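Examination of the molecular architecture
Residues per chain are reported as follows:
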Amino acid sequence: MLDFLRFLKPIYFLNSTFQDDILDDWELTEEADVTEQKESQKEKTVQEKQEKAKEDRKKQPDAGNVLMKPDEFKEEEESESESDDDEGSSEEESESEEETAKGKETKEEKMARMKEKIKKRREDADKAKSTDNLRAPVICVLGHVDTGKTKMLDTIRRTNVQDNEAGGITQQIGATQVPVEAIKERCKQVKDFKPDELKIPGFLIIDTPGHESFANLRVRGQSLCDFAILVVDIMHGLEAQTIESLKLLLKGGSPFVIALNKIDRLYNYTSNPRKDIYEHLKSQPQNTQLEFKERYEKIVTEFAEQGVNVVLSNKNTNPDEYMSIVPTSAMLGDGVGNLMAHIAQTTQTIYANKLAFVDELDATVMEVRTIPGLGTTIDVILVNGRLRVNDIVVLTGSDGPIMTQIRELLMPAPLKEIRVKNEYLHYKEIKGAQGVKILAKNLEKALAGLPLFVANTLDEAEYLKEESKAQLSKALHSIKKKPEGVYVQASTLGSLEALLEFLNTQKIPYSNVNIGPVHKKDVQKAAAMLEHKAEFACILAFDVKIERDAQLFADREGVKIFQADIIYHLEDNFLKYREELKEKARKEHEHLAIFPCKLKILPEHVFNTRNPIVVGVKIEAGQLKKGVPLCVPSKNGLQIGTVSSIQRNHEEIPLAKTSDDVCIRIENTTGEAPKLYGRHFDYQDMLVSQISRESIDACKNYFRDDLSRTDWQLIVELKKVLDIY
């Protein structure tokens with residue numbers, strides 16, 4: 001049987017070949033027609049798929065973001081590359097026609113055309129917005145350090161971010177997504193709250209630092225916000241940073257609510273976070289209610305002094321004239337539901353037009369961070385529009401515009417903060433308002449606090465790069481480096497700005513700045529200051545790693561590196577180091593610094609007229625210190641010796657000031673024959689300190705604060721008497 005099959009096989013192929021050779025012409029024609037029909041049908045199907053994909057993309061559901069499953073990462077790339085190939089042939093013709101029409105266009109004309117095009121697109125998007133489709137309001141939390149801002153967010157999230165913050169103080173701006181379900185759950189005990197009427201999809205809350213060194217970060221966070229929570233400690237009232245934050249809000253015209261926090265510190269206060277805060281306050285003991293009323297009225301007065309009228313939110317019938325106050329306890333959760341309910345109700349009614357979703361992109365780079373396993377990433381606040389994987393984005397970098405492709409869009413799970421290490425979820429597309437982490441190439445030199453753009457065409461990309469250059473020039477305009485100064489290094493631009501703000505207030509110049517780990521090249525740049533001013537030969541490194549070879553090189557070269565993860569500790573350490581250097585320099589130049597003084601001899605207190613001369617004197621002006629050389633101006637500047645001892649009431653003292661009566665011993669250090677009291681000078685001659693140009697310079701550079709204004713006036717007087725120029 002097998003032999004038979006082997007025999008039939010070559011015959012079968014022989015017959016099939018023979019039949020192919022003798023096909024008639026009509027058969028060939030029919031087959032060609034079928035092939036053409038199949039190809040045209042295939043092309044039609046591809047075109048239909050492309051059109052359908054475009055329509056689906058435009059008609060993306062408003063419900064939110066498209067979550068990407070792990071097994072879709074590679075499939076997404078493959079499908080997009082295939083669609084690109086299919087679309088390529090159809091787009092090539094239209095592009096070539098456009099290129100022919102615009103071939104003679106100058107660069108300036110092209111930029112102007114793109115500017116108009118983008119402007120019109122933004123205007124069209126703004127016209128198309130509707131209050132029926134609201135985005136999440138971006139809410140920032142402002143206030144003085146330690147008022148409980150981050151703790152309040154922890155209560156909303158039921159997490160503990162603040163324990164992970166260095167020193168318990170927020171170091172960078174953080175963003176948290178609060179879904180609408182969490183708002184409903186948190187507000188269900190609030191009186192008159194109607195969960196079914198909620199239109200917003202949730203909150204996006206930004207926590208900004210309260211320490212005074214973070215003024216720039218607060219400005220950046222506040223500028224992103226639609227609504228603000230100003231946290232005030234009921235026990236301390238309005239403090240320095242609270243007033244500063246209040247001024248920021250009033251200047252920007254930002255709506256806000258006041259969280260009167262830490263009511264749990266009222267005497268005999270009992271907590272119940274599951275109850276409406278106003279109903280709960282009525283159930284407190286009488287003395288607790290009286291203390292609350294007293295402290296509340298005091299804070300109302302403090303706000304009135306700042307030109308702001310405030311009232312409890314449940315009694316606010318005129319929101320245009322009065323700002324609402326909600327009593328809260330971030331520690332225990334009391335009143336947090338009332339606060340969230342007030343924000344939800346206010347934002348979706350009074351500010352609904354502002355929250356209407358706009359399809360045109362509005363995104364700002366919040367922070368630039370290097371994360372192990374992910375590399376350099378950017379945290380972005382996406383206020384409006386959409387971001388998609390593989391979008392071409394343009395943003396500002398320290399060395400110029402950066403154009404890169406989005407590789408991944410990451411977001412933490414709801415109620416998790418973006419700057420805290422979490423398990424991130426991968427998304428194909430994200431709709432505003434959200435806090436999103438973007439993975440892409442070449443982000444190392446990206447600058448935070450500036451807009452992020454999406455380029456749809458090559459011409460758009462060129463225009464947006466020019467726009468980014470303009471943004472960069474504005475951002476770097478404030479960073480004015482000096483030829484001599486310290487070297488500043490930080491993990492993010494926000495932290496760098498905070499450090500520079502501190503240095504400016506302390507009048508400490510900075511010669512160079514950088515973001516990222518401290519490398520050997522950074523130490524080399526800082527070491528250049530050793531030739532100019534040793535106190536500036538140092539690096540202030542905030543929240544960054546110091547490479548081992550950089551540390552070894554710094555030790556060898558004598559460059560001091562200050563490292564800390566709390567900015568105000570870094571400040572304190574540098575100021576302490578500066579004082580140590582100052583004290584060291586004072587000791588080195590102490591022998592050169594001659595303080596000015598004018599002495600009158602008391603004739604009834606002359607104890608020894610020969611070397612050493614011991615006499616009683618009255619300090620007419622200036623300061624007398626041991627080691628000061630004395631001379632007699634009335635005797636042609638006669639040098640009589642150096643003060644080796646100063647006594648008052650038989651006790652040795654280091655310094656005598658104006659109007660003091662003291663006994664001094666003058667030893668001959670002139671190198672000449674000793675001068676005698678009574679022969680060379682007497683009580684009628686005034687004794688003065690023998691200052692010189694060198695001693696005046698030493699006093700100016702190292703002992704300026706030790707001398708009073710009258711002391712400097714005496715120096716001017718002695719310069720004329722002793723002919724010093």
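What counts and what doesn't
- The residue count restarts for each chain, going from 1 along the sequence in the order it is written.
- Local features in this predicted model are restricted to residues of pLDDT 70 or higher, and side-chain atom pairs are both shown and tallied only at a pLDDT of 80 or more, whereas totals for entire chains, interfaces and linings draw on every residue.
- For side-chain calculations, the full set of non-hydrogen atoms in the structure is used, while hydrogens and water are omitted.
- UniProt positions are given in the numbering used here, feature names are shortened, and annotations may be inferred rather than shown by experiment.
- In this text, helices come from DSSP runs of H or I with a minimum length of four residues, and strands from runs of E with a minimum of two, each type numbered from the N-terminal end.
- In this scheme, a residue with accessible area under 20% of its type's maximum is buried, one over 50% is exposed, and one in between is partly exposed, where area comes from a 1.4 Å probe on protein chains only.
- By definition in these notes, contact holds between two residues if any of their heavy atoms fall within 4.5 Å.
- For the area figures, the Shrake-Rupley method with a 1.4 Å probe applies, and any residue is considered shielded solely by the protein chains shown.
- For Phe, Tyr and Trp, where Trp contributes only its six-membered ring, two rings pair if their centres lie within 6.5 Å, and the inter-plane angle classes them as stacked under 30 degrees, edge-to-face over 60, or tilted in between.
- One less than the residue count of a helix, multiplied by 1.5 Å, gives the span that helix is expected to have.
- This arc is built from the directions going out from the helix axis to the C-beta atoms.
- Every axis in this analysis is a line fitted to C-alpha atoms, fitted for helices over the stretch in contact. Angles between the N-to-C directions lie between 0 and 180 degrees.
- Each angle receives one of four descriptions, namely roughly parallel if under 35 degrees, roughly antiparallel if over 145, roughly perpendicular if within 65 to 115, and oblique otherwise.
- Left-handed describes a crossing whose near helix is turned anticlockwise from the far helix through less than a right angle; right-handed describes the clockwise counterpart.
- Under the convention adopted here, Pro, Cys and the residues Ala, Val, Leu, Ile, Met, Phe, Trp and Tyr are nonpolar, Asp, Glu, Lys and Arg are charged, and Gly plus all remaining residues are polar.
- Only when DSSP finds a minimum of two bridges between them are two strands counted as paired.
- Nine residue types can take part in a nonpolar core, namely buried Ala, Val, Leu, Ile, Met, Phe, Trp, Tyr and Cys, and a core is a set of them joined through side-chain atoms within 4.5 Å.
- Boundaries between domains were set according to an automatic or database domain assignment.
- Should a side-chain nitrogen of Lys or Arg be within 4 Å of a carboxyl oxygen of Asp or Glu, the pair is scored as a salt bridge.
- Each residue carries a pLDDT value, the predictor's own confidence for that position, ranging from 0 to 100.

With an unreviewed UniProt entry as reference, the protein is termed Eukaryotic translation initiation factor 5B, source organism Diploscapter pachys. The heading Subcellular location (unreviewed entry) in the UniProt record of the protein holds the text "Cytoplasm". Entered under Subunit (unreviewed entry) in the UniProt record, the comment concerning the protein runs "Interacts through its C-terminal domain (CTD) with the CTD of eIF1A (EIF1AX) or with the CTD of EIF5 (mutually exclusive) through a common binding site. Interacts with eIF1A (EIF1AX) from the location of the start codon by the 43S complex until the formation of the 80S complex. Interacts with ANXA5 in a calcium and phospholipid-dependent manner."

Looking now at the overall build of the protein. Broken down by element type, the protein carries 19 helices and 28 strands. Considering the protein as a whole, with its 725 residues, one finds that 46% of them fall into the buried category. Residue pairs in contact within the protein that sit at least 24 positions apart in sequence constitute 72% of those at least 6 positions apart. Per element, the accessible surface of the protein, about 38,800 Å² overall, is 48% carbon and sulfur.

Moving on, we get to the packing of aromatic side chains. With the rule as written, the count across this model stands at six aromatic pairs. When the ring of F595 is compared with that of F703, the centres are 6.1 Å apart and the planes differ by 70°; the resulting orientation is edge-to-face. Taken together, the residues F595 in the loop between α17 (567-589) and β21 (597-608) and F703 in the loop between α18 (693-702) and α19 (709-721) connect sequence positions 108 residues apart. Considered together, F595 and F703 belong to a single accessibility category, that of buried residues.

For helix α4 (residues 107-128), built from 22 residues, the straight-helix expectation of 32 Å at 1.5 Å per residue is met to within 8% by its first-to-last C-alpha distance of 32 Å. M111, M114, I118 and A125 are the residues of α4 that are buried. In a view along the axis of α4, the buried residues occupy a sector of 65°, so they form one face of it. Of the residues in α4, the exposed ones pointing more than 90 degrees away from the buried face are E108, E116 and K127.

The next subject is the packing of α18 against α19. Geometrically, a packed helix pair is captured by the angle between its two axes and the distance between the axes. One way to put it is that α18 packs onto α19 with a least axis distance of 12 Å and a crossing angle of 165°. It follows that α18 is roughly antiparallel to α19 by the angle criterion. In this structure, α18 crosses over α19, and the sense of that crossing is left-handed. Only W712, I715 and K719 of α19 make contact with α18, whose side of the interface consists of R693, I696, C699 and K700. Considered class by class, the residues forming the contact of α18 with α19 number four nonpolar, no polar and three charged.

As a further point, take the sheet that holds strand β18 (residues 510-515). Sheet strands pair by backbone hydrogen bonding; their relative direction is either parallel or antiparallel. Strand order in the open sheet formed by four strands is β18-β17-β19-β20, with parallel pairing between adjacent strands. Of all strands in the sheet, those with a lone pairing partner are β18 and β20 (560-564), marking the two edges. Strand-to-strand, the axes of this sheet are offset by a mean angle of 15°, without reference to chain direction. Direction of pairing for strand β19 (residues 538-542) relative to β20: parallel, over a ladder of five bridges. Pairing of I539 across the sheet is with I561, part of β20.

In terms of nonpolar packing, the biggest core is built from 69 residues, with F203, I229, F292 and F303 touching the most fellow members. Taken domain by domain, this core gets at least three of its residues from each of domain 1 (138-354) and domain 2 (362-474). When near neighbours in sequence (up to four residues on either side) are disregarded, F203 contacts A136, P137, I139, T176, Q177, V178, I183, M340, I343 and A344. Counting residues in each nonpolar core, the second largest holds 39 residues, with F595, I640, F681 and L714 among its members.

So, on to the pattern of salt bridges. Pairing of side chains with opposite charge becomes possible as their charged atoms draw close. Counting across every chain of the model gives 29 salt bridges. In this structure, the salt-bridge partner of D126 is K129, at a minimum N-O distance of 3.4 Å. What makes K129 partly exposed here is its relative accessible area of 24%. With a closest N to O distance of 3.4 Å, R648 and D660 form a salt bridge.

Among the secondary structure elements, V393 is positioned in strand β12 (residues 392-397). Sequence-wise, V393 and Q405 are twelve residues apart; in three dimensions their C-alpha atoms are separated by 6.1 Å. If we skip the residues at most four places from it in the chain, V393 touches I402, M403, T404, I406, L452, F453 and V454.

The next point concerns the environment of M403. Position of M403 among the secondary structure elements: in strand β13 (residues 400-412). With relative accessibility at 37%, the residue M403 sits in the partly exposed group. As a C-alpha pair, M403 and I392 span eleven residues in sequence and 6.9 Å in three-dimensional space. Excluding residues that lie within four positions of it along the chain, M403 makes contacts with I392, V393, V394, A461 and K465.

The next thing to look at is the side chain of T376. With respect to the element layout, T376 can be found in strand β10 (residues 375-384). By relative accessible area, T376 is classed as buried at 15%. Discounting chain neighbours no more than four positions away, the residues touching T376 are V368, R369, T370, A440, L443 and E444.

Any segment with low pLDDT has predicted coordinates that should not be analysed in fine detail. When pLDDT is averaged along the protein, the result is 79; 77% of the residues meet or exceed 70. Confidence over residues 57-63 falls short of pLDDT 50; this stretch has nine contacts with residues more than four positions distant or in other chains. Between residues 86-97, whose pLDDT stays under 50, and residues either more than four places distant or in other chains, the model counts four contacts.

Over its 13 residues, α19 runs 19 Å from end to end, which matches the ideal 18 Å to within 8%, given 1.5 Å per residue. If you check which residues of α19 are buried, you get D711, L714, I715 and L718. Taken end-on, α19 shows its buried residues confined to a sector of 105°, consistent with a single buried face. In α19, the exposed residues that point more than 90 degrees away from the buried face are R709, T710 and K720. Note on α19: the residue one or two positions beyond its end, D723, has a positive phi of about 55°.

Attention now moves to unusual backbone geometry. The linkage connecting N611 with the following residue, P612, adopts the cis geometry, with an omega of -5°. For P612, the position within the fold is in the loop between β21 and β22 (613-625). Although it is not a glycine, N390 adopts a positive phi angle of roughly 80°. Along the chain, N390 falls in the loop between β11 (386-388) and β12.

Quick look at the pairing of strand β15 (residues 434-440) now. With seven of seven residues buried, β15 lies mostly within the body of the structure. The side-chain alternation of β15 yields two buried faces, one formed by Q434, V436, I438 and A440 and the other by G435, K437 and L439. Pairing geometry for β13 and β15, over four bridges, is antiparallel. Among the inter-strand pairings, I406 is bridged to a residue of β15, identified as A440.

Time to look at the side chain of T288. Position of T288 among the secondary structure elements: in helix α10 (residues 286-305). A residue is classified by how much of its surface remains accessible, and T288, at 1% relative accessible area, is buried. Ignoring anything within four residues of it in the chain, the contact list for T288 reads L266, Y267, N268 and Y269.

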